[in-house]
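Remarks on the overall topology
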Amino acid sequence: MQQNLLDFDAHALAGFFTEMGEKPFRARQLMRWIYRAGEPDFAAMTDIAATLRGKLAQTACITPPEVMREELSDDGTRKWLLNVGTGNAVEAVYIPEAERGTLCISSQAGCALNCSFCSTGKQGFNRNLGVAEIIGQLWWANHQLGRDADGNWKISNVVMMGMGEPLLNYANTVSALRLMLDDHAYGLSRRRVTVSTSGIVPAMDRLREECPVALAVSLHAPNDRLRDELVPINQKYPLKELLAACRRYLERAPRDFITFEYVMLEGVNDSVKQARELVKLVHDVPCKFNLIPFNPFPQTDYRRSSPDAIQRFRDVLMQADIVTTTRRTRGDDIAAACGQLAGQVMDRTKRTQQRSIGAA
Ligand code: SAH
Ligand code: SF4
């Protein structure tokens, strides 16, 4: 079988070349072709010796996940459904803005953590994505979207906020992050690459040591009682431990704040009283808040908080000098907004079936 070179970070690619009896600098040369030039065809890599190109064509390939469907929203948001085999598909979403282009990518087919308001969580977990499947989302999107007038890729920022919990697919996520950051690959600054986590505390500590990028933490509740219900992993890593991990992360983070994500669920976590409790909770963590209006999906009873409730909640945080933005809902006409990414997952936990049996 051919080796997919998108599966290798710089270190692994150098190892591959050494095994072939080639010099490690060839790996850097090849990375520039693959990522900076976006070139999938060895024959076009003209500064690489023809014999080596021939060898590579026989043993290796550059293959992103297969695109099953592309959808374009009225607001310019674009969504790709990518086949990751054995009946599973994941989604990647491109969100164009005036100052930047952001790609939101997935890390797992499904998710085991079963947050109560998340459609990915409702599908259960199937498997971790490989490095090629993670970085391949960026490779593919760059290939499709091309460059701006200055010759840079239109995608300037990457957020790991698609399907899955990136820190439960740690090794593959970090290899993909390294390719995003590597000067011979995409060369993005650490500030422009964000990992979003529901709060896997030991992995947050590892990430801080091994590959610190911007961090977003899905908070969603001001106390353990409610968070246990909304984000069940809280039972394992409760708020006190999570916030301590956030403070530790900031010692090495590329930004001097953590972004807290907070989904706004009507009558559940959106009262002024809860906003005040939240202010107290995070008082010793330098942070910004990003309020995400809940995005509905089939099989949910939650409702989105009203614009007034969101405004009142935001005012409480702002009065406490916490910078707070409300996420604009983008791409909801194509179900590309946060938490609506469903892909298509063979649920090993049979969660959907259990639920429908329970409901019958
Ligand atoms: N597993 C990671 C990253 C993927 S989810 C995490 O939980 O952080 C990305 C963000 O979308 C998280 O903040 C998540 O809580 C939020 N989200 C999930 N379902 C949502 C929904 N239905 N509406 C709005 N945001 C949602
Ligand atoms: Fe998984 Fe994140 Fe969805 Fe929770 S919100 S189920 S951690 S993808």
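All of the points below concern the structure found in this document. The structure displayed is predicted, hence computed values, not measured ones. (Residues numbered from 1 in each chain as written. Chains lettered and ligands numbered in written order. Predicted model: local features only at pLDDT ≥ 70, side-chain atom pairs only at ≥ 80, totals over all residues. Heavy atoms only, no water.)

1. Here's the deal with the site of ligand 2
Around ligand 2, the structure places Cys111, Leu113, Asn114, Cys115, Cys118, Gly121, Gly164 and Ser198. Taken together, the residues of the shell around ligand 2 break down into four nonpolar, four polar and no charged. (Near = heavy atom within 4 Å. Nonpolar A, V, L, I, M, F, W, Y, C, P; charged D, E, K, R; others polar.)

2. What to know about the site of ligand 1
Taken together, 21 residues form the shell around ligand 1, and within it Phe117, Ser196, Ser218, His220 and Asn295 come nearest. Phe117 is positioned with one of its backbone polar atoms (N or O) 2.9 Å from a nitrogen atom of ligand 1. Burial of ligand 1 by the protein chains amounts to 96% of its free accessible area of 530 Å². When its residues are assigned to classes, the shell around ligand 1 shows ten nonpolar, nine polar and two charged. (Polar contact = N/O pair within 3.5 Å; in protein donor to acceptor, adjacent residues only side chain to side chain. Areas by Shrake-Rupley, 256 points an atom, 1.4 Å probe, with all protein chains shown as cover.)

3. Here's the deal with the nonpolar core
The biggest cluster of nonpolar side chains holds 105 residues, and the ones touching the most others in it are Leu207, Phe260 and Phe289. Here this core gets nine residues from one element, more than from any other, and that element is helix 5 (residues 131–145). Viewed by domain, this core spans two of them, domain 1 (3–61) and domain 2 (66–359), each represented by three or more residues. If we skip the residues at most four places from it in the chain, Phe260 touches Val217, Leu219, Leu243, Cys246, Val282, Val285, Cys287, Lys288, Phe289 and Asn290. (Core = buried A, V, L, I, M, F, W, Y, C linked by side-chain atoms within 4.5 Å. Buried < 20%, exposed > 50% of the residue type's maximum accessible area, 1.4 Å probe, protein only. Helix = DSSP H or I, 4+ residues; strand = E, 2+ residues; numbered from the N terminus. Domains from an automatic or database assignment. Contact = heavy atoms within 4.5 Å.)

4. Section: the pattern of salt bridges
For the coordinates displayed, the defined rule picks out 14 salt bridges. With a shortest N-O distance of 3.4 Å, Lys55 and Glu22 are connected by a salt bridge. Of this pair, Lys55 sits in helix 3 (residues 50–59) while Glu22 is found in the loop between helix 1 (10–19) and helix 2 (25–36), placing the two residues 33 residues apart along the sequence. On the accessibility criterion, Lys55 (33% relative accessible area) is partly exposed. Asp205 is the partner of Arg248 in a salt bridge, and the nearest nitrogen-oxygen pair spans 3.0 Å. With Arg248 in helix 9 (residues 239–250) and Asp205 in helix 7 (residues 201–210), the pair connects residues that are 43 residues apart, well separated along the chain. The partly exposed category is assigned to Arg248, whose relative accessible area is 29%. For Asp205, a relative accessible area of 19% corresponds to the buried category. (Salt bridge = Lys/Arg side-chain N within 4 Å of Asp/Glu carboxyl O.)

5. A word on helix 5
Between its first and last C-alpha, helix 5 extends 21 Å over 15 residues, near the 21 Å set by a 1.5 Å rise per residue. By the largest-angle criterion, Gln137 marks the main kink of helix 5, which is about 30°. The element helix 5 is largely enclosed, with a buried count of 13 among its 15 residues. Downstream of helix 5 by one or two residues, Gly146 has phi in the positive range, about 75°. (Expected span 1.5 Å × (residues − 1). Bend = angle between axes of the 7 residues up to and from the residue.)

6. Regarding the sheet that holds strand 12 (residues 258–264)
Judged by pairing direction, the sheet is mixed, and its ten strands sit side by side in the order 3-4-5-6-9-10-11-12-13-14 without closing on themselves. Each of the sheet's edge strands pairs with one partner strand only, and the pair in question is strand 3 (66–72) and strand 14 (324–326). The sheet shows a mean angle of 20° between the axes of neighbouring strands, taken without regard to direction. Where strand 4 (residues 78–83) meets strand 5 (residues 89–96), six bridges bridge the pair, whose relative direction is antiparallel. The residue bridging Leu82 from the neighbouring strand is Val90, located in strand 5. In the packing of helix 5 onto the sheet, contacts are made with strand 3, strand 4, strand 5, strand 6 (101–104) and strand 9 (157–160), and the angle to strand 4 comes to roughly 130°. (Pairing = 2+ DSSP bridges. Axes fitted to C-alpha atoms, helices over the stretch in contact; angles between N-to-C directions.)

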